[in-house]
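Okay, here's what each chain looks like letter by letter:
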Amino acid sequence: MAMAADTAVSAAEHAQHLLLGLFLIFAAAKVMAEVFERLRQPAVIGEILAGVLIGPYVLGWVEPSEITHTLSEIGVILLLFSVGLETKPASIIKVGKTATIVAVLGVVLPFAAGWGLMELYGATNIEGMFVGTAMVATSVGITARVLGGMGMLGATSSRIILGAAVIDDILGLLVLAVVASMAAGSTDFVKIGTTAGLSLGFVAVVALLLAPMLTRHVPRLGAGVRISHAAFAASIVLCLGLAAAASYIGVAAIIGAFLAGMAIAEVSEDNHELHSQIRGVTEFMVPFFLVGIGMQLNLTIFNDMNVVWMAVWVTLIAVVTKVVGCGLGAWSLGLRGAAQVGVGMVPRGEVGIVVAQIGLGMGVISESLFGVVLFMAIATTLIAPPFLRPLFARTGAAD
C-alpha cells in the first residue's frame, strides 16, 4: 500500500512538473512573439529566443525532455501540413525545373565550403564531411512560418523554396547516408540506392497519383460519415499517416506532412472551417517546435574563443553559400526573386541539429564541433526571418 501511495504521489508530481513546463513554454513563446511583433520583427525570432531564455543554459526554468521533443516534432509536422494546404501540386510542378537547380546548388556549394573550412581548421576528413552535411540541410518550417504569416505562400519564389526544400531533403538524406557509411568504415551503395528510389517514388506517388485521386473522390465521402468535423479528422489522419510513411522510408516526416497537405489542397480550398481548425491546432503546437530549437543552444561554448570564431565562420559560410547557391539557381526571377529564394533557404534549424547529433552519437565529431554546428543551425534560423520580411514586402501573393 505504501509503495502504491508513493507511486501515485510521484505520478502526480510528474504531471504537475509537466504542466508547469508546458505553461512556461507556451506563455514565454507568445509573450516574446508579441514583443517582436511590436518591434516590427518576425514573431518566430521571439519564440526561438524564448527557448534560449527559459532553457537550461540561461534561466533554467524548463529542461528539454522526451515530451518536449515529441511536442516539437508534432508542431513542425502540423506546420508543414498547413503550408501544404496552401500549395497546389500543379503550382510546385510548374516551378519544378528551377526548384531542382536551386536544390542542387544549395547542396553542392554548402557541402564543399563546409568541408573545405574544416580542412583549414585541421579537422579530420570525416569531421569536415559531417559539418558540410549539416550545412546542406534546409529547415523550411521557419521560412514557411514567416511567409505564411505574410500571406506570401502563393508567390513564385515561395513555391520554388517549397519545391526545392523537398528535393533538398532527399539529396541531403543521400549525402548523410554516404557520410555516415564512410564514418562506419564502409559504404553500402545498395542501401543508398534503395533509399533514393524509395524517396523519389514516395514523392512522385503522393504528388502525381494520390493528390488527383483525393481531389476526385474525397468530396463524395462526406455523405456517409456521421462523426463531427469529419474533414478535419480525415485531414489529420492523412497528415500523420504520410508523415509516418515518410519517416519509415527515410525521408523527413515533415516532407510527408507537407505532401499530405498538398494532396488535399484542391479539395480544401473552399473549406474555410477546415482551414480555421487546422490553423487553431497549428498555433497551439508550433511554439513547442520553435522554443525547442532555442532550448538546445548551449551558451557555454562561448567560453573558448577558438570555438567562438569557428562558430562565426561556419555560420557566415552557411549563410553565404545558401544565398549565393540557391540565388544563382533562381536567377531567372531577377535579383529580388533570387534574393528571396536564397534567403528563404538559409535556415538549417532542427535538420542541421539532427545531422550533428548523428555525428556525435557515432563518436566522429567532438563536443565542441557539435556545439559549433548547433550554434550555426540556430543562428541561421534567426538570421533569415528579418531579411525575408522586407524582401517579400512589395511582392504580390501570387506573382
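Since we're looking at a predicted model, the values are computed, not measured.

1. Some words on the overall build of the chain
- Check the secondary structure of the chain and you find 17 helices and zero strands.
- Looking at the chain as a whole, 51% of its 399 residues qualify as buried.
- Of the contacts formed within the chain by residues at least 6 apart in sequence, a portion of 81% connects residues at least 24 apart.
- With the model as given, the accessible surface of the chain reaches about 18000 Å², and the carbon-plus-sulfur share is 68%.

2. Here's the deal with the pattern of salt bridges
- This structure, assessed with the given rule, holds three salt bridges.
- Across the pair K30 and E283 runs a salt bridge, and its minimum N-O distance is 3.4 Å. Residue K30 is found in helix α1 (residues 2-38), and its partner E283 is found in helix α13 (residues 272-295); the two are separated by 253 residues along the sequence.
- For the salt bridge of R38 with E34, the shortest nitrogen-to-oxygen distance reads 2.8 Å. Here R38 pairs with E34, and both are found in helix α1, just four residues apart, close to one helical turn.
- For E34, a relative accessible area of 40% gives the class partly exposed.
- One salt-bridge network, held together by shared partners, links K30, E47 and E283.

3. A closer look at the packing of helix α14 (residues 305-329) against helix α17 (residues 367-392)
- Direction vectors running N to C along α14 and α17 enclose 45°, while the axes themselves pass 9 Å from each other. What the angle tells us is that α14 and α17 run oblique. As for how α14 packs across α17, the hand of that crossing is right-handed. For the pair α14 and α17, contact is made by V307, M310, A311, V314, T315, A318 and V319 and by S368, L369, V372, F375, M376, A379, T380 and I383, respectively.
- Of the residues contributing to the contact of α14 with α17, the split by class is twelve nonpolar, three polar and no charged.

4. What about the packing of aromatic side chains?
- On inspection of all chains with the given rule, the structure shows four aromatic pairs.
- On the basis of an interplanar angle of 45° and a centroid distance of 5.6 Å, the ring pair of F26 and F284 is categorised as tilted. Residue F26 is found in helix α1, and its partner F284 is found in helix α13; the two are separated by 258 residues along the sequence.
- A residue is classified by how much of its surface remains accessible, and F284, at 44% relative accessible area, is partly exposed.
- Look at F284 and F288: their rings are 5.6 Å apart centre to centre, the planes differ by 80°, and that puts the pair in the edge-to-face class. With F284 and F288 both in helix α13 and four residues apart, the pair spans about one turn of that helix.
- Ring pairs connect the aromatic residues F26, F284 and F288, which therefore count as one cluster.

5. Regarding the environment of L242
- With respect to the secondary-structure elements, L242 resides in helix α10 (residues 230-249).
- Taking relative accessible area as the criterion, L242 reaches 11% and is therefore assigned buried.
- Here the alpha-carbon distance between L242 and F202, two residues 40 residues apart in the chain, equals 9.5 Å.
- Apart from residues no more than four positions distant in its own chain, L242 is found in contact with F202, V206, L210, G256, L259 and A260.

6. Regarding the environment of I74
- By secondary structure assignment, the location of I74 is in helix α3 (residues 66-85).
- Distance in space between the C-alpha atoms of I74 and T282 is 9.3 Å, their sequence separation being 208 residues.

7. Notes on the environment of I101
- Along the chain, I101 turns up in helix α5 (residues 96-120).
- Linking I101 and G325, residues 224 residues apart in sequence, is a C-alpha distance of 9.3 Å.

8. Let's talk about the packing of helix α2 (residues 43-54) against α17
- In the contact formed by α2 and α17, the axes pass within 8 Å of each other and the chain directions differ by 155°. Comparing the axis directions of α2 and α17 gives the class roughly antiparallel. Here α2 runs over α17; the crossing is left-handed. Of α17, the residues touching α2 (which contributes V44, I45, I48 and L49) are I378, T381, L382, P385 and P386.

9. A short note on α10
- With 20 residues, α10 extends 28 Å from end C-alpha to end C-alpha; this agrees with the ideal 28 Å at 1.5 Å per step.
- Turning to α10, its buried residues are S235, I236, L238, C239, L242, A243 and A246. For α10, the angular spread of buried residues about the axis comes to 160°, placing them on one side. Turned more than 90 degrees away from the buried face of α10 sit V237 and Y248, all of them exposed.

So, how was this worked out
- Residues numbered from 1 in each chain as written.
- Predicted model: local features only at pLDDT ≥ 70, side-chain atom pairs only at ≥ 80, totals over all residues.
- Heavy atoms only, no water.
- Helix = DSSP H or I, 4+ residues; strand = E, 2+ residues; numbered from the N terminus.
- Buried < 20%, exposed > 50% of the residue type's maximum accessible area, 1.4 Å probe, protein only.
- Contact = heavy atoms within 4.5 Å.
- Areas by Shrake-Rupley, 256 points an atom, 1.4 Å probe, with all protein chains shown as cover.
- Salt bridge = Lys/Arg side-chain N within 4 Å of Asp/Glu carboxyl O.
- Axes fitted to C-alpha atoms, helices over the stretch in contact; angles between N-to-C directions.
- Parallel < 35°, antiparallel > 145°, perpendicular 65-115°, else oblique.
- Left-handed = near helix turned anticlockwise from the far one by under 90°.
- Nonpolar A, V, L, I, M, F, W, Y, C, P; charged D, E, K, R; others polar.
- Phe/Tyr/Trp six-rings, centres within 6.5 Å; stacked < 30°, edge-to-face > 60°.
- Expected span 1.5 Å × (residues − 1).
- Arc of directions from axis to C-beta.

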